[in-house]
Amino acid sequence: MPRAVVAGVFLVALGTLFFEVLLTRIFSVTLWYHFGFLAISLALLGTAASAVLCFLYPDTLAGEKHLRNMAASAVAFAVAAPGSVVYHVVARLPGFDDLSSFYLAFGSQLTLLFIAFFSSGLCISIALFRYSSRIATVYSFDLIGASLGSMLVVPFMYQWSPMALVFVVSATAFVAALGFLRAASAPVWLQISMALFVVASLSIGITNDRMKLVEISSVKSYQATQTQMPKPKTLYEKWSPVSRVAVEESQPKWASNPVLMATNDAGAPTVLWEFNGNYEGTRKLFARDSTLCAFEFVSDAKVLIVGVGGGRDVLMALATGQRAVTAVEINPLMGEIVVDAFADYIGRIFEDPRVSLHIQEGRNFIAASDEKYDLIEFSMIDSWSSASAAGAYVFNENSLYTIDAVEDFMNHLEPNGIISMTRYFAWGESLRLVAIFTTYLENQGLQDVDQRIMVIKNKLANANATVLLKNGRFTREEALKLVRIAEQSDSVVIHAPHVSPQVLAHPRLRRPFQGLLDPASLGTTRQQFIAGYARDISPPTDDRPFFFYTQRARDMLRGQRNEHAARRLALPVLYGMAAVFAVIGFFTIFVPLYLRSGTGIREAPHRLRSLTYFAMLGTGFMLVEISLIQRLTIFLGHPTWSFVVVLTTVLFASGLGSQFSARWPDAEPRVLGRVLAGLTLALLFYALVIQDQFTSFMWLGKVARISATVISIAPLAFLMGMCFPMGIQIVRRFHATLVPWGWGVNGAFSVFASILSIVLALAIGFRAAMLIGVACYAVAFVLIRTLPDDSAQSARAE
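Because the structure is a prediction, the values reported are computed rather than measured.

## Things to note about the overall build of the protein
Of regular secondary structure, the protein possesses 26 helices and 14 strands. Scored against the burial criterion, the 798 residues of the protein give a buried share of 60%. In the protein, once contacts between residues fewer than 6 apart in sequence are set aside, the share between residues at least 24 apart is 75%.

And the structure:
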């Protein structure tokens, strides 16, 4: 096998994974996070469909001219990748109000993206088929290249935008094509042309951001109608692996003059408040904000603020005279805005000696700290990059709104200290906060939950609500103090102990909270009230961290028009795209295989068990991988670190496992059965024993946490990487037809599982999703052990 083949497969796989991650970042800005899983699904589907085409036309594609065909496929990928992105970011999609028109227009864009992934997949598939006797080696370099691509995207995205980096992907593919052409002794002029394309692609990528050659023309809208709008005047824009942060001039309805608005991925707007040192004026400015009530409730306090945003909460803390303010922000670009780019505009409040800023995830920060606080405050932390309602791989702030998170923060409260969380009153969010708090208190063996929680809300219909949880009981004096604060800020207290109902909010507002805080007064229990409530207000956990998703599945098609698109469209998009990919997979994989003469599956012995085996591998691999990424996010302290570390480790270790499996080129089912038995037991031990132990070690340094992650999951991935090539080697001895069908089934079920993982997590949690993945490997073990070890024997067709 020529070295150019191995190197080219490595480069194309690297570029494919790099491109895949870039698309998830672009989609997060141009569309909602519902579409994050599309890049993954498109890549899997394109690879599977290209492999089927290669198996259908082996002589044409993988024959004597295979090197030129690989070069042509790499060139097609090099052209289609930037071409599809340019078309996507320049074209304006119809609004989400008309989903049929939206999907029709978006379908044309998906077609181009599919062509890109199909081209890269075809290049790798030709190598796999041509050198099938060394499939373990080729598959190994495919996985290792992909792992490097997932790792490199992080440092690169701190320097360039995804639109620039897609040309780097193009250059990588052109380099691979150049290697294939050299190995094929192609004409010199053709090789020189390919080298020039490499230089041109790199030049465009390097200069794109400075010269604005390719940029996003319109972003997703944050309006209720969800129609896309032209971008406002942008004063600052930077990309990172975490998000795209932009600062724009805005004219909200409530402001008499334009204000500066910072957005994360074109959503989650936060105002940068112009400050000239007048703290009294600041207090008047925020007088109707329920968050200010929490700061006014305490005095001379040591405060921890999780989620800096534009610095509003820090300004509130300083205006109310708190003695020390520790601010924690997960997004380094938001930190750059408040301490550098717009520091003068916000009055350089982060240079106040009382303030310290830490760029870190909140729970990870608190785990490594010995400090205790009088007030720990969270206000409207919802970048929506948590993909809480639908299908991206990584999760962000959801981990702050769980029972487990409350326990972590309560452990760092002073006696009588307070946790303050502010969320939307609409959509059941503040009610869900109360469900989290009451469940946590019950888990601690405390029954007087109604005396440890208070809720306040501004009188405006669409205002937010602030929920206070005390490390102790609220006294009557404290309850009356909150009532006085509410009167001064045009707010209303929804719940407070020891006070007359006459001074509280209208019973209509109080009744839902009463169902959680005093369910006996309504003749029910807390669990019955939660189960019977119109929205899902059950308390999220680290295993099922979908705080923002309160819509019940039965109401999937009955969302309110004024509801946020991330809630109203979540399940329709998720299930709709699952159906779309099922149809595409059927027509691009199974129909061509079935119709092509010579690949009739009816003649293949052991066909049912063999194909089910590959279906179980595809499903199990994706369920395990996605569950690992999610659950390790909290431990690693950042969703980007979780995505990169887990994906890189899984792909790299799987590649090593594939290479190691080459030791058994004539492996029989009993050998593979031992691998699957060991893998199943190891995964089961990890899911039931090891997984929950990581949060106990969040205090470790970053290098130690990354090392622990790699050490714990690399052996699992090593065994996972052995299963596919050994399975191919076994079934090809039964019948050659089983090889393309096995590849196609594996790819199709990988696409299915990438969506299934989110559906399962929404319903039963990520641990259960991972255990189902483990069950898939267990089924694969049973299937492979029922195949005959003596491959020379003739097998009866099933």
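## Focus on the environment of Thr326
Along the chain, Thr326 falls in strand S8 (residues 324-329). Expressed as a C-alpha distance, the spacing of Thr326 and Val303, which sit 23 residues apart in the sequence, is 6.1 Å. Here Thr326 is in contact with Val303, Leu304, Ile305, Ser356, His358, Phe365 and Tyr373, once residues within four sequence places are set aside.

## Comments concerning the packing of aromatic side chains
Tallied over the entire structure, the rule returns 26 aromatic pairs. Arranged with centres 6.1 Å apart and planes meeting at 70°, the rings of Tyr236 and Phe342 form a pair that is edge-to-face. With Tyr236 in strand S3 (residues 234-239) and Phe342 in the loop between helix H12 (332-341) and strand S9 (355-359), this residue pair connects regions lying 106 residues apart in the sequence. Their ring planes at 80° and their centres at 5.4 Å tell us that Phe547 and Phe548 sit as a pair that is edge-to-face. Exposure class is identical for Phe547 and Phe548. Each is buried. The rings of Tyr139, Tyr613, Phe614 and Phe724 are connected pair by pair, giving a single aromatic cluster.

## A look at the pairing of strand S4 (residues 244-250)
Taking burial as the measure, the seven residues of S4 include five buried ones, the bulk of the element. As defined by bridge partners, S3 adjoins S4 across five bridges and the pair is classed as antiparallel. In the sheet register, Lys238 faces S4, and the bridge partner there is Val245. Between S3 and S4, which pair antiparallel in sequence order, lie four residues.

Rules and cut-offs
- Numbers given to residues run from 1 along each chain, matching the order in which its sequence is written.
- A pLDDT threshold of at least 70 governs which residues receive local features in this predicted model, and a stricter bar of 80 or more applies before side-chain atom pairs are shown or counted, although totals over entire chains, interfaces and linings include all residues.
- The basis for every side-chain value is the complete set of non-hydrogen atoms in the structure, without hydrogens or water.
- Put simply, DSSP marks the helices as runs of H or I at least four residues long and the strands as runs of E at least two long, and each gets a number from the N terminus on.
- The rule is simple: take the accessible area with a 1.4 Å probe, protein chains only, and divide by the maximum for that residue type; under 20% is buried, over 50% is exposed, in between is partly exposed.
- Note on contacts: a residue pair qualifies if any of its non-hydrogen atoms lie within 4.5 Å across the two residues.
- For Phe, Tyr and Trp, where Trp contributes only its six-membered ring, two rings pair if their centres lie within 6.5 Å, and the inter-plane angle classes them as stacked under 30 degrees, edge-to-face over 60, or tilted in between.
- We treat two strands as partners when DSSP finds at least two bridges between them.

By themselves these figures say nothing about function.
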